[in-house]
Structure formats: C-alpha cells, structure tokens
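# Structural features, examined
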Amino acid sequence: SSDLKGRSAPVGDASKVGWPTFHHAMLSARTAPCGTSDAPLPLIIDSDPGLDDALAIACAVVRPELNLLAVTSVGGNADVHHCTENALRLLHLYGADDVPVAEGAVGPLAGPLERATEVHGEGGLGKTVLPKSPRVADRDGAVALMARLLDGSPVPVALAPIGPLTNIALLIRSFPHLAPKISHICLMGGSVGEGNSSASAEFNIYADPTAAEIMFASGLPITMIGLDVTHHAILDRTILDRLKLLPGASAKVAAELLKFSFDRSAAWGQGEKMAIHDAVAVLHLALPDLVGVARYHVVVDATQGPARGRTIGDANPYRLKRDNLEPNCDVGLTIDSARFADLMVDVFAKLP
Ligand code: BDR
Ligand code: CA
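What counts and what doesn't
- Residues numbered from 1 in each chain as written.
- Chains lettered and ligands numbered in written order.
- Predicted model: local features only at pLDDT ≥ 70, side-chain atom pairs only at ≥ 80, totals over all residues.
- Heavy atoms only, no water.
- Donors = N, O, S within 2.8 Å, 3.2 Å for Na, K, Ca; no water.
- Helix = DSSP H or I, 4+ residues; strand = E, 2+ residues; numbered from the N terminus.
- Buried < 20%, exposed > 50% of the residue type's maximum accessible area, 1.4 Å probe, protein only.
- Axes fitted to C-alpha atoms, helices over the stretch in contact; angles between N-to-C directions.
- Parallel < 35°, antiparallel > 145°, perpendicular 65-115°, else oblique.
- Contact = heavy atoms within 4.5 Å.
- Nonpolar A, V, L, I, M, F, W, Y, C, P; charged D, E, K, R; others polar.
- Phe/Tyr/Trp six-rings, centres within 6.5 Å; stacked < 30°, edge-to-face > 60°.
- Lys NZ or Arg CZ within 6 Å of the ring centre and 35° of its normal.
- Salt bridge = Lys/Arg side-chain N within 4 Å of Asp/Glu carboxyl O.
- Left-handed = near helix turned anticlockwise from the far one by under 90°.
- pLDDT = per-residue confidence, 0-100.
- Core = buried A, V, L, I, M, F, W, Y, C linked by side-chain atoms within 4.5 Å.

## Some words on the coordination of the calcium ion (ligand 2)
Looking at the calcium ion (ligand 2), the protein donor atoms are D48 (OD), D53 (OD), D53 (OD), I162 (O) and D278 (OD), and they sit 2.2 to 2.6 Å from it. Along the chain, the residues donating to the calcium ion (ligand 2) are arranged with the sequence spacing D-x4-D-x108-I-x115-D. Placement of D53 in helix α1 (residues 51-62) and of D278 in helix α11 (residues 277-284) is noted, with a sequence separation of 225 residues between them. Comparing D53 with D278 shows no difference in burial state: the two are buried.

## Considering the packing of α11 against helix α13 (residues 337-349)
At a minimum axis distance of 12 Å, the contact between α11 and α13 shows a crossing angle of 85°. Classed by the angle they form, the pair α11 and α13 counts as roughly perpendicular. In this structure, α11 contributes A279, V280 and L283 to the contact, and α13 contributes F340, L343 and M344. The class makeup of the residues in the contact of α11 with α13 is six nonpolar, no polar and no charged.

## So, the side chain of N167
Residue position: N167 is located in helix α5 (residues 166-174). Residues within four places of N167 in sequence aside, it is in contact with D46, S73, V74, G104, A105, A142, V143 and M146.

## Observations regarding the packing of aromatic side chains
Tallied over the full model, the rule gives one aromatic pair. Centroid distance Y94 to F348: 6.3 Å. Interplanar angle 70°. Geometry classified as edge-to-face. Taken together, the residues Y94 in the loop between α2 (80-93) and β3 (101-103) and F348 in helix α13 connect sequence positions 254 residues apart. The same class applies to Y94 as to F348, namely buried. Positioned above the aromatic ring of W268 is the side chain of R264, whose terminal nitrogen or guanidinium carbon lies 4.6 Å from the ring centre.

## Considerations on the pattern of salt bridges
Under the definition given, this model contains 16 salt bridges. The shortest N-O distance in the salt bridge between R63 and D346 comes to 4.0 Å. Separated by 283 residues along the polypeptide, R63 in the loop between α1 and β2 (66-73) and D346 in helix α13 bring together distant segments of the chain. Relative accessible area serves as the criterion here: at 11%, R63 is assigned to the buried category.

## What about the packing of helix α4 (residues 142-152) against α5?
Here α4 crosses α5 at 55°, and the two axes come no closer than 9 Å. Between α4 and α5, the angle falls in the class oblique. The two elements α4 and α5 meet at a crossing, and its hand is right-handed. On α5, the residues touching A142, V143, M146, A147 and L150 of α4 are N167, I168, L170 and L171. Taken together, the residues of the contact of α4 with α5 sort by class into eight nonpolar, one polar and no charged.

## Examining unusual backbone geometry
Phi is mostly negative for residues that are not glycine, and the peptide bonds are mostly trans. Here the amide bond leading from P49 into G50 is cis, since omega sits at -15°, within 30 degrees of zero. Here G50 shows up in the loop between β1 (41-47) and α1. A positive phi angle, near 60°, is found at N324, a position not held by glycine. The topology assignment puts N324 in the loop between α12 (317-322) and β11 (329-335).

## Notes on the confidence of the model for the chain
Looking at the chain as a whole, the pLDDT averages 94, with 95% of positions reaching at least 70. Considering each helix and strand of the chain separately, the mean pLDDT is smallest for helix α3 (residues 117-120), with a value of 91, and largest for strand β4 (residues 157-161), with 99. Predicted confidence is poor over residues 1-15, with pLDDT under 50, and the contacts of this stretch with residues over four places away or in other chains come to 26 contacts.

## Looking at the nonpolar core
Core analysis: the biggest nonpolar cluster contains 71 residues, and I45, L235, L258, F340 and F348 have the highest contact counts within it. If one sorts the elements of this core by residue count, α1 sits on top with nine residues. Leaving out residues up to four positions away in the same chain, F348 has contacts with L55, A58, Y94, L243, L246, S250, A251 and A254. By size, the runner-up hydrophobic cluster in this structure holds 40 residues, among which are L69, L171, I172 and I214.

This is the structure:
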C-alpha cells in the first residue's frame, strides 16, 4: 500500500492498527527469547542480502543483546553467489570479520527459482559495489556450518531466517537430533493479510513454500515477523539527513542502499519509502517490547494455485477448538514505528 498514514500504532493499540483480519487476535506475551547485554542471545542469521538484509545484519552486529555466530546465505533476492559475497563484504564493512559466512541453497526444494532483483538490483545491493572482504566463505556450506555451531553451543541458539527457508528446512530434515539446540526461529516472512510477491504471498515464503511448510510443521518454537508488522517498519527520505550526519562508511553505504530503494519505489509510484522487513525479525530478539505478537496457527499453501506461498494464519478460538488445532507460532502485528527509525540510526552511529 502506498498510503500507510494512520496505520502505525504504538504496541498494543489494537484500535488504530491495520489488523489483518476481521477477528482481532489478542496480543499475547512473546514466546521468543530476548537477549540482554549481560547475556547476549546466540544467533545465526540465514539471509539473501538484499537491501533490508544488509540493514538487519548491521543490527545483529551492533546490538549488545545479540551474539551473532554466523551469517549463512541462501538464493533469494539475488543469485546465491552474490548473496554470499554480499554477506562477506557487509561484515567486513561493519568490522565483523570474525563472524563466519557459509553459502547455502541456490534455489528452492521444489519449483522454479524466484528472484527479487527488480527490487534489490542484479547483485542484491542496488548499484552499490562494496570493497572486497579478505575472507572466503566456510567451505562446508550453510547447513553444515549451522549444524556445527548448534552442536558445539553450550546453550540453544536462535535462528533468524530473513530469506527463503530452504536452508532451514534442510537443517531440520538433515539434523533432527539438533532440534533441542534451536531455541527459536524468528523469521521474516509470510503475512496473515496481504502478500507482496502476489496478493496472496510474501516473497520469502513464495520463493520456497515447501521449505516453509516443513518449518511450520516442525514443532519448533517460531515467531513469524511478516508483512503485517514489517509494513509498519518504514523509513523515508528523512532518514538520509540523519545518516548523513554520521561519520562511518557503514552509514554512507546504508544511505546509498536506502536511496536506491526510495528512488525505485518513487519511480513505481509507491512513494519514497521502504519497509525494512528483515531488521524487524533481528530486533525482536534484542528488544522485548518493540514488536507486539499474537498466537496463530499458521500453515502454508505449497500448491501451484493462485494462493501459492500464502501463510494461512488462524487465531479464531472457535475454529481452532473445532478443528483441534493449537497455535504454532507468534505472529508480529504491531511495532513502535518511530522508535524503529531511531533504532536504525543508532545502529549506524555505532558502526565504523
Ligand atoms: C522479504 O523479501 C525480500 O525481498 C526482503 O529481503 C525480505 O526478506 C520481504 O518480503
Ligand atoms: Ca531478505
């Protein structure tokens, strides 16, 4: 939607928010863990960088409540080789060359390859070419690296998939004995309401519905940060003036990535703004009260029909009881939009 005026609301204000359904699910206590600066949450990001992925990774590097163990790549916004290279170069830019990177799946478990290069540029980062990283990706690949880190961690690790869920499904299917080592999956993807790739489906789910189906059916604790909430995590041109005041190269790159997106969005007649989808999933693991959630039962349409990739979310107590269904995830519904913009500026103020 190009006019989001009046749809943003403080966390919990159900009367003002654009609730995605007739049945207003009650906001409930989050089930996702939240790191603190004293006990940072161990986290693996699985990503297809990606303009908003770039900003999300920055959040994970900076926030003291998070301990970023790795970034794994997946084909999505751009070709997976670009995504891997982008992850390496972004971490280098952010001064985080100690965070391992590994390359994952080229494309979905089944079905055609979907890309979002019209949104993110052919290489995934608009027209920006970042300086090379001195490192290469871990040779074992994304799923093996995730398994190794989970296995070796003394405490369970949170996963933040912010691209198609192919690697996550492969991890679940290949290493079922590591399930207890996953504290939570906080994904950016899906929507109880409208989609973006199609009217039904959000891109990350649309790009690999089979993988998403495997994840939602896994019984693992999940938070779905979908378009219902990320469409309220919007930055507009005013952010550029704030980023310009910051001294670091990272802030300059962020401004460049955002400008690419604003220009493109304006050219499409959608206004000069951008939803920073992926950052919301990462920040939810760092801040206990940024996002408001409700419990939903979510299933995925993996058929070839017009609803392919749709996440069907039900929070209606009558239907759930009738159909003997339990909620299987938290769904993000509200966000403090003004605070979100301030948080993004703060992240880039702290990066080199
Ligand atoms: C999601 O799709 C991608 O294009 C973005 O990076 C984000 O993860 C939004 O639908
Ligand atoms: Ca992404």
